[in-house]
Amino acid sequence: MSTEKILVIGSCGQLGTELVESLREIYGESNVIASDIRKSDSEVFQSGPFETLDILDAQRFKEILMKYKPKQVYHLAALLSATAEKNPEFAWKLNMDGLFHVLDAAKEEGSGIGRVYWPSSIAAFGPNTPRFGTPQYGPMDPTTMYGVTKYTGELLIQYYHNRYGVDIRSLRYPGLIGYKSEPGGGTTDYAVAIYHDALRDGKHECFLGEGTTLPMLYMPDALKATLEVMHAPSEKIGMRMSYNLAGMSFAPEEIAASIQKHLPNFSISYNPDYRQAIANSWPAVIDDSLARDHWGWSPEYDLDAMTTDMLLNIKEIYF
Ligand code: SER
């Protein structure tokens, strides 16, 4: 078993919870250090080390780095799109200063940090980005503060790679859907809530309108992509901003129809709120050919396969 230590910052979020579980399976429980501003109740965090860390606290971050000397850092702490719109100033601070702290630590001579992961998002795109077949390179004019921090972050990680040789890997995640952990503060969160509502109440009121097609990815595929891009040899990472990544694309009525194949009485209604404008500024279908070409990305789940798996697993929670 390797003794290489891995630090996950923002480990109690939707992605972090599942990533810590996967990393502990690969690297051993005691080698993956979970950290977040506060510990969640999830069982995952009972299985190995946990450190309380506000990534804006540079001193505390240094102490944790000294204590564990991690070789890899996954930096996931951020405000997502909907929450960031409620407090744009703090979103800028957390998302950017947090990233700076991680990049500055990684560039230190003798830091021992060999590789960093940082997620970007479809939010880095904007209204002038082609919505269908969204290319890796093209107009980028994000209109949300979350998107502004993601696009700026992409330029920053590329700069730190070119200027200081920091080996940082990154993906533009679509909406992430899973049953093991809750999403928080995103515009794509309805696509998780809809499964819970379908099983619990038989109906769902959607905060996005009919016809709002967005790119989405099932969590097992998101974990696969994340680990693949982190484990790929450096020469395969031919692009040092964030890779476009696609799984599936659907509108609320299409996920509803997929659920109805299992629960024919399920119904959906629409009550769009402020998140509709955010969704309208994002792409519908992403072209991820660069990720496929460079490091062999290929997703496994389509909408119906995901629905079957989600319903099967969420049923356990309620029945
Ligand atoms: N799922 C994210 C959000 O909705 C997109 O990166 O904010």
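Right above here is the structure, for reference.
Quick look at the structure, then. (Residues numbered from 1 in each chain as written. Predicted model: local features only at pLDDT ≥ 70, side-chain atom pairs only at ≥ 80, totals over all residues. Heavy atoms only, no water.)

## Some points on the packing of helix α6 (residues 190–200) against helix α11 (residues 303–318)
Next, step 1: In contact at an axis separation of 10 Å, α6 and α11 are set at 55° when each is read in the N-to-C sense. Comparing the axis directions of α6 and α11 gives the class oblique. Our pair here, α6 against α11, has a crossing hand that is right-handed. Counting all contacts with α6, which are made through Tyr 195, His 196, Leu 199 and Arg 200, the residues of α11 involved are Leu 303, Met 306, Thr 307, Met 310, Leu 311, Ile 314, Lys 315, Ile 317 and Tyr 318.
Next, step 2: Taken together, the residues that form the contact of α6 with α11 break down as 9 nonpolar, 2 polar and 2 charged. (Axes fitted to C-alpha atoms, helices over the stretch in contact; angles between N-to-C directions. Helix = DSSP H or I, 4+ residues; strand = E, 2+ residues; numbered from the N terminus. Parallel < 35°, antiparallel > 145°, perpendicular 65-115°, else oblique. Left-handed = near helix turned anticlockwise from the far one by under 90°. Contact = heavy atoms within 4.5 Å. Nonpolar A, V, L, I, M, F, W, Y, C, P; charged D, E, K, R; others polar.)

## Some details on the pattern of salt bridges
Next, step 1: This model, assessed by the stated rule, comprises 16 salt bridges.
Next, step 2: Its salt-bridge partner being Asp 167, residue Arg 240 comes within 2.8 Å of it at the nearest N-O pair. A residue pair is termed long-range when its members are at least 10 positions apart, and Arg 240 in the loop between α7 (219–231) and β13 (243–244) and Asp 167 in the loop between α5 (145–164) and β8 (168–169) qualify at 73 residues. Here the two residues Arg 240 and Asp 167 agree in accessibility, since each one is buried. (Salt bridge = Lys/Arg side-chain N within 4 Å of Asp/Glu carboxyl O. Buried < 20%, exposed > 50% of the residue type's maximum accessible area, 1.4 Å probe, protein only.)

## Details of the site of the ligand
Next, step 1: For the ligand, the full set of nearby residues is Leu 80, Ser 81, Ser 121, Tyr 146, Gly 186, Thr 187, Thr 188 and Trp 282.
Next, step 2: Within the backbone of Thr 187, one N or O atom sits 2.6 Å away from an oxygen atom of the ligand.
Next, step 3: In this structure, Thr 188 approaches the ligand through a side-chain N or O atom, which is 2.8 Å from a nitrogen atom.
Next, step 4: In isolation the ligand offers 230 Å² of accessible surface; the protein chains occlude 94% of this area.
Next, step 5: In a pocket analysis with a 2 Å cut-off to the grid points, the ligand is assigned to the largest pocket.
Next, step 6: In terms of residue class, the shell around the ligand is made up of 3 nonpolar, 5 polar and no charged. (Near = heavy atom within 4 Å. Polar contact = N/O pair within 3.5 Å; in protein donor to acceptor, adjacent residues only side chain to side chain. Areas by Shrake-Rupley, 256 points an atom, 1.4 Å probe, with all protein chains shown as cover. 1 Å grid on protein atoms, 1.4 Å probe; cavity = no way out; pocket = protein on both sides within 12 Å on 5 of 7 lines; lining within 4 Å. Sits in = over half its atoms within 2 Å of the grid points.)

## Considering empty space enclosed by the protein
Next, step 1: The final tally for this structure, using the stated rule, is 1 cavity of 30 Å³ or more.
Next, step 2: Considering only enclosed or pocket space, the largest cavity measures out at about 50 Å³ in volume.
Next, step 3: For the largest cavity, the full set of lining residues is His 75, Leu 76, Ala 77, Ala 78, Asn 95, Trp 118, Thr 149 and Lys 150.
Next, step 4: When the residues that make up the lining of the largest cavity are grouped by side-chain class, the tally is 4 nonpolar, 3 polar and 1 charged. (Points joined across faces, edges and corners; volume = space filled by probe spheres on them.)

## Overview of the sheet that holds strand β10 (residues 175–177)
Next, step 1: Spatially, β10-β12-β14 is the arrangement adopted by the 3 strands of the open sheet, whose pairing is mixed. In the strand order of this sheet, the two ends are held by β10 and β14 (248–250), each with one partner. If you compare each strand with its neighbour and ignore which way they point, the axes differ by 40° on average.
Next, step 2: Direction of pairing for strand β12 (residues 214–218) relative to β14: antiparallel, over a ladder of 3 bridges. Paired with Pro 215 across the strands is Ser 249, a residue of β14.
Next, step 3: Across the sheet, α11 is in contact with β10, β12 and β14; its angle to β14 comes to roughly 85°. (Pairing = 2+ DSSP bridges.)

## What about the nonpolar core?
Next, step 1: Ranked by internal contacts, the top residues of the largest apolar core, which has 65 residues, are Ile 177, Tyr 195 and Phe 250.
Next, step 2: The contact partners of Tyr 195, leaving out residues within four places of it in the chain, are Ile 177, Ile 255, Ile 259, Leu 303, Met 306, Thr 307, Met 310, Leu 311 and Ile 314.
Next, step 3: If you look at the next biggest cluster of nonpolar residues, it comprises 36 residues, including Val 8, Cys 12, Ala 222 and Ile 237. (Core = buried A, V, L, I, M, F, W, Y, C linked by side-chain atoms within 4.5 Å.)

## Description of the sheet that holds strand β3 (residues 50–52)
Next, step 1: On the basis of which strands lie adjacent, the open sheet formed by 6 strands has the order β3-β2-β1-β4-β5-β8 and parallel pairing. At either margin of the open sheet sits one strand with a lone partner, and together these are β3 and β8.
Next, step 2: Relative to strand β5 (residues 115–117), strand β4 (residues 72–75) runs parallel, the two sharing 3 bridges. Looking at β5, one finds that Tyr 74 is bridged to Tyr 117.
Next, step 3: In the packing of helix α1 (residues 14–27) onto the sheet, contacts are made with β1 (6–9), β2 (32–36) and β4, and the angle to β2 comes to roughly 165°.
Next, step 4: The strands that helix α2 (residues 58–68) touches are β1, β2 and β3; relative to β3, the one it contacts most, it runs at about 155°.

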